[in-house]
Amino acid sequence: MCNRNTSLTDPTADFVLSDLLTATEDLIDFTINVFDTIRLQSHFNDRNRRVNLASQLKDALDAQKTEFGTIEIPIKPCTVTTTLKYDLSLYLDRILQSCKRTKANLMLLRVSRTRSTNTTLLLVASTNVRVEQLNKKVQLLTRLVKENGGEFQTKKKKKKKILSNTKLDEKNRSEWTLDYPPLFAHFEYGLSKLAYYFDPAMLDINNLNYASEKTKLFQRLSVIGSEIILVFAIFSLLKTMQIGRKNHDIPMPIIQMLFALSLLANFGLIIVDHIHFQYNGFLLGILLISISCMYQNQYLMSAIWFSTLLNLKHIFLYIAPAYIVYLFYSFCIKQSPNGKRFIINLITLGIATLVPFVLSFGPFILMNQLPQVLSRLFPFKRGLCHAYWAPNIWAVYNVVDKALAIIGRYTHLFSVRSVSVSMTSGLVQDIEHQVLPSITPTMTFILTFIFMIPSLIRLFRYCSKRTFLETVILCALTSFLFGWHVHEKAILISIIPLSLLAFDSREHARYFLLLSTFGGFSLFPLIFTGPEIPIKIGLFIAYTTFLFYILGEVHGDRGSTFTLPLLNRFETLSVVLLAPLCLYVECLHTVLHIDRILPFLPLLLISIYCSIFIIYCWIRLHRIEAHSEDELTAIESTVKFSGRWNKKQKNKSD
């Protein structure tokens, strides 16, 4: 009988697994080399040989589809009119994906400790058969290429043209495909003109993973330079919103200086932009400019800025419902004395919104490439969660499903579905849950919209600028918690706008501190190399201490022996417990060699712990919104009652 509690300690099994993994890696490398060789082949001039090879490839594809039916990779059928190079590339692509999947399964099998030795060896044997089948496929392809090898064109011009097309094909098949809207590509194109003067080699399409010192310098300078937009947005907001005007103990210029410093030195922006290298500060600066225009009643300019932002990064669709409701009510309804004016305002707003989209997507529409662009912008096949789970509802959902699956296997209380890919494999791919219902993109969209509705109704009912800003924050946070394939950096879309209220509202300051702390800590896995660990920890502690100190001073709460400024004991404890969690994930997990058994555990712990308190902040912010709504209703009732009372007294006097 096999004992389920027996760990995988048989040296024979370990040797077999190690040898099998090495063979699989060699197979993958060999496939990649063959793949690169095929790309340099020109199409066949002899039509008969091409027809013969197309028929052989079709038979091989059909056989492979039968053997690997579980791998769902769309493949176009090989026809006579299709170039041979493209068909061979597709065929090799399928083999390469199969090899990668085999390697991933073997890695998961290697770290498994819940299976018996006999069971493990049986799984190894079955996997070995699969690798042998893959090897046969590669041998078949090699033979086909050798027997029907193409010849290079004799004319140099044609040869250069073929090589040029090959380079474009390599570009199209690069692992780093462009998943930003077209307007961001224009921004990158502008940067490339300056990059030429630093290091022209970085502009070579085939120069993948190139990282010279001049290239790094240019990239860092481009991030810093682009954040001029953020600086301009901060000064515009300070002038428009008059942040700090409600505080009578500290001069307003000092509060505004602290506010500007808290944004420019934001830990999340430093981690994501200046270390991980992205342009979120530039994009968030455009968002703040749009909000500033809204506060100045420049509705059309606000719409244009936000529409431009959507064409730079479509992740800001999260907050589009708040813009739609507020602009429709404030510009189309409130500023329309009659139906004719309403139609004019509506058309004007629509044109202002559509112009950036026409400029951005127009060329792709004319070239009939819009579906391809949209498929890259919305890759629903990437799965519910990112490789590193963002701290949201679905991280908790995944852990609950995993726990129920373990319980179900040992207790047989409920059925556990078998899945081909583990959700903790750290791979970007679609996954299925084993016990709980699997989540689809449509379900996440419906849930996100449902939880947005209360905020949108309140915005339409009390259409004020403060309500608009609160709705933007809640829409961003709701999408972060319930959205499909959410990235961890998306939490910045909630944190940055919330900072606009933190210096004038004590309650908003409280949850801004919590959201900044847990949202910032959730970004730790982005920076994972050893030398950078003390840097990110030091930056996090310094920025968090700075926020607690300045907001405690601004709102007159310096904390006590058992509480941090503005927080209660429960919230203080949750922040303090980040210290032992950080110690474990950054140090003890590796020192104790747990990373060999449970490599995904640090990411899971960070996601789960941070998600609990981000959900807590989301709930509390909704309660603040509801409380403000009650206050507004009370004020309206008081005003109406006062008006009726004055009218009654006036009638009596008459």
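Preceding this section is the structure that the text describes.
Residues numbered from 1 in each chain as written. Predicted model: local features only at pLDDT ≥ 70, side-chain atom pairs only at ≥ 80, totals over all residues. Heavy atoms only, no water.

A. Examining the overall build of the protein more closely. Summing up its helical and strand segments, the protein has 24 helices and zero strands in all. For the protein, the residues scored as buried account for 45% of the 654 residues in total. Residue pairs at least 24 apart in sequence account for 76% of intrachain contacts in the protein once pairs closer than 6 positions are excluded. (Helix = DSSP H or I, 4+ residues; strand = E, 2+ residues; numbered from the N terminus. Buried < 20%, exposed > 50% of the residue type's maximum accessible area, 1.4 Å probe, protein only. Contact = heavy atoms within 4.5 Å.)

B. Geometry of the nonpolar core. Formed by 122 residues in total, the largest nonpolar core has its most connected members in Ile291, Phe316, Ile319, Tyr323 and Phe503. In this structure, this core is formed jointly by two domains, domain 2 (181–241 + 279–376) and domain 3 (439–642), each of which donates at least three residues. With near-sequence residues (within four places) excluded, Ile291 lies in contact with Leu237, Tyr323, Phe468, Leu469 and Leu500. The next biggest cluster of nonpolar side chains, apart from the first, holds 12 residues, and it includes Trp389, Tyr397, Leu436 and Ile439. (Core = buried A, V, L, I, M, F, W, Y, C linked by side-chain atoms within 4.5 Å. Domains from an automatic or database assignment.)

C. Representation of a nonpolar patch on the surface. Nonpolar side chains collect at one region of the surface, where Tyr196, Tyr197, Phe198, Leu203, Leu217, Leu221 and Ile224 lie side by side and expose about 730 Å² of accessible area between them. Looking at the secondary structure, you find Tyr197 in the loop between α6 (182–195) and α7 (213–226). (Patch = residues over 30% accessible without salt bridge, like charges linked within 9 Å, V, L, I, M, F, W, Y side chains within 5 Å. Areas by Shrake-Rupley, 256 points an atom, 1.4 Å probe, with all protein chains shown as cover. Salt bridge = Lys/Arg side-chain N within 4 Å of Asp/Glu carboxyl O.)

D. Looking closely at helix α8 (residues 228–241). Taking 1.5 Å of rise per residue, the 14 residues of α8 would be expected to cover 20 Å, and the 20 Å separating its terminal C-alpha atoms lies within 8% of that figure. Of the positions making up α8, those classed as buried are Leu230, Ala233, Ile234, Ser236, Leu237, Leu238 and Met241. Elements in contact with the buried residues of α8: α9 (252–264), α10 (267–275), α11 (280–295), α18 (465–482) and α19 (492–502). Taken from the residues just after α8, Gln242 is the one with a positive phi, measuring 50°. (Expected span 1.5 Å × (residues − 1).)

E. Expanded view of the packing of aromatic side chains. Following the criterion strictly, the structure yields 32 aromatic pairs and no others. Taking the centre distance of 5.4 Å and the plane angle of 55° together, the rings of Phe184 and Phe187 count as tilted. Of the two residues, Phe184 and Phe187 both sit in helix α6, three residues apart, roughly one turn of that helix. Between the aromatic rings of Phe518 and Phe613, the centroid separation amounts to 4.8 Å while the plane-to-plane angle is 10°, which identifies the pairing as stacked. Remark: Phe613 occurs in helix α24 (residues 601–653) and Phe518 occurs in helix α20 (residues 506–521); sequence separation between them is 95 residues. Overall, the relative accessible area of 9% leaves Phe613 in the buried class. (Phe/Tyr/Trp six-rings, centres within 6.5 Å; stacked < 30°, edge-to-face > 60°.)

F. Inspection of the packing of α10 against α11 at higher detail. Between α10 and α11, the least distance of the axes is 9 Å, while the angle of their chain directions is 130°. As the angle between them shows, α10 and α11 are arranged oblique. Two secondary-structure elements touch here, α10 through Leu269, Val272 and Asp273 and α11 through Asn280, Gly281 and Leu284. Broken down by class, the residue content of the contact of α10 with α11 amounts to three nonpolar, two polar and one charged. (Axes fitted to C-alpha atoms, helices over the stretch in contact; angles between N-to-C directions. Parallel < 35°, antiparallel > 145°, perpendicular 65-115°, else oblique. Nonpolar A, V, L, I, M, F, W, Y, C, P; charged D, E, K, R; others polar.)

G. Just α18, in detail. Look at α18: 26 Å from first C-alpha to last across 18 residues, which is about the 26 Å you get at 1.5 Å a residue. Across the 18 residues that make up α18, a large majority, 16, are buried.

H. Highlighting unusual backbone geometry. Look at His485: it is not a glycine, yet its phi comes out positive at around 50°. The residue His485 is located in the loop between α18 and α19 in this model. Here Leu566, not a glycine, exhibits a phi torsion of approximately 75°, which is positive. Along the chain, Leu566 falls in the loop between α21 (533–554) and α22 (569–576). Of the residues examined, Leu566 reaches a relative accessible area of 7% and is grouped as buried.

I. Spotlight on the environment of Leu621. Assignment of secondary structure puts Leu621 in helix α24. For the pair Leu621 and Leu477, spaced 144 residues apart in the sequence, the C-alpha separation amounts to 9.9 Å. Those residues within four positions of Leu621 in sequence are excluded, and the remaining contacts are Ile473, Leu474, Leu477, Leu498, His508 and Tyr511.

J. Inspection of the pattern of salt bridges at higher detail. The final tally for this structure, using the stated rule, is nine salt bridges. A salt bridge links Arg506 to Asp557, with the nearest nitrogen and oxygen atoms 2.9 Å apart. Within this pair, whereas Arg506 is found in helix α20, its partner Asp557 is found in the loop between α21 and α22, the two being separated by 51 residues in sequence. By relative accessible area, which is 40% here, Arg506 ends up partly exposed. One salt bridge in this structure joins Arg510 and Glu507, with 3.8 Å as the shortest N-O distance. On the criterion of helical spacing, the pair formed by Arg510 and Glu507 is a turn pair, its members being three residues apart in helix α20. Residue Glu507 is classed as partly exposed on the basis of its relative accessible area of 32%.

K. Looking closely at the packing of helix α12 (residues 299–312) against helix α13 (residues 320–333). The geometry of α12 relative to α13 is characterised by a closest axis approach of 11 Å and an angle of 160° between their N-to-C directions. Here α13 runs roughly antiparallel to α12, going by the angle between their axes. When you trace α12 past α13, the crossing you get is left-handed. Residues Tyr299, Leu300, Ser302, Ala303 and Phe306 of α12 pack against Ala320, Tyr323, Tyr326, Leu327, Ser330 and Phe331 of α13. The residue makeup of the contact of α12 with α13, split by class, is nine nonpolar, two polar and no charged. (Left-handed = near helix turned anticlockwise from the far one by under 90°.)

L. Broad picture of the environment of Glu488. The topology assignment puts Glu488 in the loop between α18 and α19. For the pair Glu488 and Leu526, spaced 38 residues apart in sequence, the C-alpha to C-alpha distance is 9.0 Å. The residues touching Glu488, leaving out its near neighbours within four places in the chain, are His386, Tyr388, Ala390, Phe480, Leu523 and Leu526.

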